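Coordinates in review
What follows is each chain in one-letter form.
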Amino acid sequence: MYVANPEQERKEILKRYRALLNAWNTGAEMKNKRMVRKAFNLAVNAHKDMRRKSGEPYIYHPLEVARIVAGEIGLGETSIICALLHDVVEDTDYTIDDMRRMFGDKVARIIDGLTKIKELFDHNTTSAQAENFRKMLLTLSDDVRVILIKLADRLHNMRTLGSMTHEKQLKIASETIYLFAPLAHRLGLYAIKSELEDLALKYTEPEIYNSIARKLEETSAERTKFINKFIYPIKKALLAQGLVFDIIGREKSIYSIWQKMKAKQVPFEEVFDIFAVRIIIDTSYENEKYQCWQAYSIVTDFYSPKQNRLRDWISTPKANGYESLHTTVMSHSGQWVEVQIRTKRMNEIAEKGYAAHWKYKEKTSGESGLDRWLNKIKELLQSPDSNALAFLDEFKLNLFADEIIVFTPKGEVKTLPSNSTALDFAYNIHSEIGNHCIGAKVNHKLVPLNNVLKSGDQVEIITSKKQSPREEWINYVVTARAKSFIKDALKEQRKKFTEEGRVKLEDLFRQLKIDMNRNSLLRLQECNHISSTIDLYYRVAKDEIGLKEIKDCMQQHDKSGWLNLITRPFVRSKPSIPHKFAEEVKQQLINKEISTNGNAEVEYRISDCCNPIPGDEVIGFVPPDGGIWIHRTNCPEAIQLMSKYGNRIVKINWEGAEAGTFLSGIRLVGFDNMGLLNEIVNIISSQLNLNIRSFHIDSTGDVFEATIMLLVHSTDDLNKLMTQLKKVKGINNVYRISRLADTPAR
Ligand code: MN
């Protein structure tokens with residue numbers, strides 16, 4: 001519990017203010033502290049009666065955000081002032097005009113942007129998260145500092161998330177993973193990105209976070225020994241050649257280790273590249289490239305490099321400004337080690353991102369990567385018909401995608417997401433070029449328009465006036481821009497076809513002497529699985545539905561009426577969760593003003609993507625059509641839902657639900673021996689009295705893998721079962737899965 005002590009707090013505020021000035025002062029130039037002091041005084045005064053959830057004075061927060069902005073992102077005076085004042089307009093009586101009068105137009109505009117974003121994210125009772133994010137990016141084009149300060153704000157909120165309610169923690173952590181960490185990555189703020197990811201994991205999956213953190217600590221001494229041995233000869237040789245450098249072993253973040261464990265389905269012990277060795281060379285700008293390659297040559301003198309693992313981001317930096325030389329080499333003890341070679345300047349950019357880049361800007365030339373990135377975002381925002389959700393997904397895809405760099409025939413550089421095709425390239429140049437593209441010449445060789453481009457390709461697009469976009473083109477492209485242009489063109493074409501199809505269908509019905517009315521149209525749609533009349537006309541116009549199809553459908557329908565009734569898809573019965581539980585949730589719904597469509601009872605549905613069972617940490621999602629979907633909190637779909645529709649998430653607890661049974665699964669790996677299967681079934685059915693739903697077994701040689709889906713009451717059942725099975729001789733590993741097709745859940 002935090003106990004307020006005014007005198008101590010006053011000292012602490014001044015201490016934190018000095019820490020801010022120190023962080024700022026690491027830069028060389030002379031600082032004028034007058035305006036920063038003024039902002040500080042104003043913020044202290046404005047927030048003087050406010051406290052954070054933890055009980056601490058509110059002013060700690062803007063002070064810490066300003067310190068991150070100065071020290072960890074490397075921004076200057078204007079940004080520090082804005083960070084100090086970022087919550088003032090939102091939370092106190094001061095207005096934007098006050099800010100303008102006291103601190104000038106630039107500061108006022110940035111604070112205005114921050115206030116708007118805050119409104120979007122903190123009071124999201126009306127609009128969905130996706131739309132908020134879109135709006136946020138719109139403000140981004142005004143001044144990129146808005147987004148950088150917002151990231152600092154989010155980072156400090158994540159660092160202090162402990163005092164929030166659990167529900168709030170999950171919402172904020174999900175948003176962070178879904179939006180803010182990728183954004184930080186995209187801006188080249190690697191250190192902030194990793195910290196955001198780790199903190200999010202800490203709150204969404206505390207057990208996993210803690211277990212990895214513990215294991216990292218336990219193995220730390222061993223790792224240090226290994227690294228020292230590995231770098232010893234390199235160090236000696238670098239010194240002998242007169243290089244000035246630092247060489248360190250860098251641990252991977254907990255989050256990225258966890259990602260790797262999941263992707264490769266291996267335990268912690270089998271994630272070998274838990275660290276990378278980094279060589280940071282101190283040299284002049286002119287000598288950078290030469291000395292980095294010199295170091296590369298020394299490293300590979302001692303250790304042989306892995307084929308195809310050399311990444312040269314020095315000759316062509318990533319679009320977010322990242323420069324480095326990466327290689328993976330074989331150590332003498334048979335372990336692969338990633339070695340990163342870069343200069344001090346490159347390292348600072350990699351850690352702090354663009355703000356650091358700006359400092360060196362006068363030394364580089366041409367359009368900066370940041371401008372290019374901002375332009376790309378503007379382009380995306382202006383793309384036609386992007387509804388907010390589709391936009392968010394596509395944008396996210398673009399954020400995560402790695403990039404390739406290709407050239408126009410004139411040698412102009414274009415940056416595209418990897419897996420882009422010739423058609424993406426065409427749309428990147430102009431929508432008309434895309435719409436009329438029939439193929440391309442890649443490095444002077446003729447290729448089809450779905451040819452996937454590689455970095456370094458030179459691409460020339462071939463067009464024809466007769467060409468127009470086709471349905472399958474959607475599958476040929478990966479960029480959001482190309483997709484939305486193609487969709488638009490197809491929609492236009494569709495409109496034209498609709499009228500043609502309607503006339504044609506009228507004629508067909510007339511030939512068959514059937515009335516063309518609502519009923520007959522619906523019937524025809526139903527047996528061809530078409531959802532709208534427009535689509536029906538379209539398919540008729542394209543001759544996909546003709547006389548024969550209509551005849552078949554009308555006849556079949558007559559005799560199969562009763563059959564429809566019994567072949568209806570199986571409806572899942574709802575789990576038996578008692579009403580006491582329902583009452584609590586209903587109260588939450590009322591608080592959030594979400595209707596349950598007048599139903600007296602709320603219907604629970606267990607999501608089959610993650611198959612939660614009592615004992616799991618879960619959330620409830622209320623879709624607009626009523627009912628509540630229950631997901632595990634670590635389910636990827638739940639994370640998406642939480643970040644997109646934070647206001648539709650309700651807290652669920654399982655109290656009393658163990659009366660029912662729930663589908664879950666386990667997978668076991670072991671060595672086949674006589675009677676083993678028998679023993680497994682015996683434990684499940686006879687000893688623990690659980691019902692098996694399905695049992696799949698795969699064996700290669702002596703090794704077998706069994707996947708068992710079964711009905712359990714709670715995680716207790718499952719844990720008991722797994723402990724028992726682990727004791728069986730021959731079984732090597734047992735883990736939980738959610739679905740038959742799943743990778744391990746935990
Ligand atoms: Mn804030």
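Scanning the model with the defined rule gives nine aromatic pairs in all. Between Tyr427 and Phe485, the ring centres sit 6.0 Å apart and the planes meet at 10°, which makes this aromatic pair stacked. Here the residue Tyr427 occupies a position in helix H20 (residues 422-429), and Phe485 occupies one in helix H22 (residues 480-512), the gap between them amounting to 58 residues. Looking at Tyr427, the relative accessible area reads 0%, which means it is buried. Considering the side-chain rings of Phe497 and Tyr538, the 5.4 Å spacing of their centres and the 80° angle between planes classify their relative orientation as edge-to-face. With Phe497 in helix H22 and Tyr538 in helix H24 (residues 533-541), this pair connects stretches of sequence that are 41 residues apart. Looking at Phe497, the relative accessible area reads 22%, which means it is partly exposed.

Moving on, we come to the sheet that holds strand E12 (residues 618-621). The mixed open sheet is built from four strands, whose spatial order is E11-E13-E12-E14. Sheet topology places strand E11 (604-606) and strand E14 (649-651) at the edges, where each strand pairs with a single neighbour. Along the sheet, successive strands turn relative to each other by an average axial angle of 35°, direction set aside. In the sheet, E12 pairs with strand E13 (residues 628-632) via four bridges, with the strands oriented antiparallel. Among the inter-strand pairings, Ile619 is bridged to a residue of E13, identified as His631. Helix H28 (residues 636-644) rests against E12, E13 and E14 of the sheet, and its axis sits at about 120° to E13.

This next bit is on the pairing of strand E4 (residues 325-330). With five of its six residues buried, E4 lies for the most part within the structure. In this structure, strand E3 (residues 311-312) lies alongside E4, joined through two bridges in antiparallel fashion. Paired with Arg311 across the strands is His326, a residue of E4. Bridge count between E4 and strand E5 (residues 336-343): six bridges; the pairing is antiparallel. Note that in E5 the partner of Leu325 across the bridge is Ile341. Where E4 folds back on E5, the antiparallel hairpin that results is connected by five residues, among which Gly334 adopts a positive phi of roughly 85°.

This brings us to the pattern of salt bridges. Opposite charge on two side chains lets them pair, provided their charged atoms get close. Applying the stated criterion across every chain yields a total of 33 salt bridges. Salt bridges linked by common partners bring Glu12, Lys15, Arg16, Glu64 and Arg67 together as one network.

This next bit is on a positive patch on the surface. On the surface, Lys264, Lys306, Arg309 and Arg311 cluster together into a positively charged patch. Looking at the secondary structure, you find Lys264 in helix H14 (residues 254-264). A relative accessible area of 55% means that Lys264 is categorised as exposed.

With that settled, consider the coordination of the manganese ion. The coordination sphere of the manganese ion contains the protein donors His61 (NE2), His86 (NE2), Asp87 (OD) and Asp153 (OD), at a distance range of 2.2 to 2.7 Å. All donors of the manganese ion come from a single chain, and their spacing in sequence reads H-x24-H-D-x65-D. Here His61, found in helix H3 (residues 60-72), pairs with Asp87, found in the loop between helix H4 (77-84) and helix H5 (88-91); they are 26 residues apart in sequence, far enough to count as distant. Accessibility expressed as a relative area gives 1% for Asp87, which makes it buried.

We now examine H24. Regarding H24, the residues found buried are Leu536, Tyr537, Tyr538, Val540 and Ala541. Elements that come into contact with the buried residues of H24 comprise H22 and helix H23 (518-527). Count one or two residues on from H24 and you reach Asp543, which has phi positive near 65°.

Another aspect to go through is the side chain of His86. Mapped onto the fold, His86 is located in the loop between H4 and H5. Polar contacts involving the side chain of His86 include one to the main-chain carbonyl oxygen of Ala83, which spans 2.7 Å. Setting aside residues no more than four positions away along its own chain, His86 makes contact with His61, Pro62, Val65, Leu114, Thr115 and Asp153.

Turning to unusual backbone geometry, a few remarks are in order. We note that Asn419 has phi near 75°; this positive angle belongs to a residue other than glycine. Here Asn419 is to be found in the loop between strand E7 (413-417) and H20.

Our focus in this paragraph is the side chain of Ser520. Within the element layout of this structure, Ser520 appears in helix H23. The exposure class of Ser520 is buried, given its relative accessible area of 6%. If near-sequence neighbours (up to four positions away) are discounted, Ser520 is found in contact with Phe509, Ile514, Asp515 and Met554.

A few words now on the packing of helix H29 (residues 676-687) against helix H30 (residues 715-727). Geometrically, a packed helix pair is captured by the angle between its two axes and the distance between the axes. The N-to-C vectors of H29 and H30 enclose an angle of 145°; their axes lie 10 Å apart at closest approach. Relative to H30, H29 is oriented so that their crossing is right-handed. Between H29 and H30, the contacting residues are Ile680, Ile683, Ile684 and Gln687 on the first element and Leu721, Gln724 and Leu725 on the second. Taken together, the residues of the contact of H29 with H30 sort by class into five nonpolar, two polar and no charged.

What follows is about the state of the cysteines. The tally for this structure, following the rule as stated, stands at zero disulfides. Among the cysteines around Cys610, which has no disulfide bond, Cys635 carries the closest sulfur, lying 3.8 Å off.

Spatial ordering of the open sheet is given by E1-E2-E5-E4-E3, a layout of five strands whose pairing is mixed. Across the chains shown, the open sheet's two edge strands, defined by having one partner strand only, are strand E1 (245-251) and E3.

Our focus in this paragraph is the nonpolar core. Formed by 81 residues in total, the largest nonpolar core has its most connected members in Ile80, Leu84, Leu85, Leu196 and Ile212. Those residues in contact with Leu84, other than ones at most four positions away along the chain, are Leu20, Val36, Ala39, Phe40, Ala43, Pro62, Leu63 and Ala66.

Counted at 1.5 Å a residue, the expected span for H22 with its 33 residues is 48 Å, and the 45 Å between its end C-alpha atoms agrees. Of all the bends found along H22, the most pronounced is centred on Phe497 and spans about 25°. At the exit of H22 stands Lys513, carrying a positive phi of roughly 60°.

The next subject is the confidence of the model for the chain. When pLDDT is averaged along the chain, the result is 79, and 80% of the positions lie at 70 or above. Of the regions scoring below 50 in pLDDT, residues 359-370 engages in 15 contacts with residues more than four places distant in sequence or in other chains. Confidence drops under a pLDDT of 50 for residues 557-576, and excluding neighbours within four residues, the segment shows 16 contacts in the predicted structure.

Moving on: the environment of Tyr232. Within the secondary structure, Tyr232 sits in helix H13 (residues 220-240). The exposed category is assigned to Tyr232, whose relative accessible area is 55%. Taking the C-alpha atoms as reference points, Tyr232 and Ile247, 15 residues apart in sequence, are found 9.9 Å from one another.

So, about the pairing of strand E15 (residues 662-671). By the criterion of burial, E15 is predominantly enclosed, with eight of the 10 residues buried. In this sheet, strand E17 (residues 703-712) lies alongside E15 in antiparallel orientation, the contact comprising 10 bridges. Looking across to E17, one finds that Ser664 is bridged to Leu710. Where E15 and strand E18 (residues 731-737) come together, six bridges link them in antiparallel fashion. Across the sheet, the residue bridging to Arg667 is Tyr735, located in E18.

Here we come to the packing of helix H1 (residues 6-25) against helix H2 (residues 34-46). One can describe the packing of H1 onto H2 by two numbers: an axis separation of 12 Å at closest approach and a directional angle of 150°. Between H1 and H2, the angle falls in the class roughly antiparallel. The crossing of H1 and H2 is right-handed. Judged by residue contacts, Ile13, Leu14, Tyr17, Leu21 and Trp24 of H1 engage Val36, Arg37, Phe40 and Val44 from H2. Among the residues making up the contact of H1 with H2, the classes are represented as eight nonpolar, no polar and one charged.

Quick notes on the rules
Residues numbered from 1 in each chain as written. Predicted model: local features only at pLDDT ≥ 70, side-chain atom pairs only at ≥ 80, totals over all residues. Heavy atoms only, no water. Phe/Tyr/Trp six-rings, centres within 6.5 Å; stacked < 30°, edge-to-face > 60°. Helix = DSSP H or I, 4+ residues; strand = E, 2+ residues; numbered from the N terminus. Buried < 20%, exposed > 50% of the residue type's maximum accessible area, 1.4 Å probe, protein only. Pairing = 2+ DSSP bridges. Axes fitted to C-alpha atoms, helices over the stretch in contact; angles between N-to-C directions. Contact = heavy atoms within 4.5 Å. Salt bridge = Lys/Arg side-chain N within 4 Å of Asp/Glu carboxyl O. Patch = residues over 30% accessible without salt bridge, like charges linked within 9 Å, V, L, I, M, F, W, Y side chains within 5 Å. Areas by Shrake-Rupley, 256 points an atom, 1.4 Å probe, with all protein chains shown as cover. Lys, Arg positive; Asp, Glu negative; His and termini not counted. Charge placed at Lys NZ, Arg CZ, Asp CG, Glu CD. Donors = N, O, S within 2.8 Å, 3.2 Å for Na, K, Ca; no water. Polar contact = N/O pair within 3.5 Å; in protein donor to acceptor, adjacent residues only side chain to side chain. Left-handed = near helix turned anticlockwise from the far one by under 90°. Nonpolar A, V, L, I, M, F, W, Y, C, P; charged D, E, K, R; others polar. Disulfide = S-S within 2.5 Å. Core = buried A, V, L, I, M, F, W, Y, C linked by side-chain atoms within 4.5 Å. Expected span 1.5 Å × (residues − 1). Bend = angle between axes of the 7 residues up to and from the residue. pLDDT = per-residue confidence, 0-100. Parallel < 35°, antiparallel > 145°, perpendicular 65-115°, else oblique.

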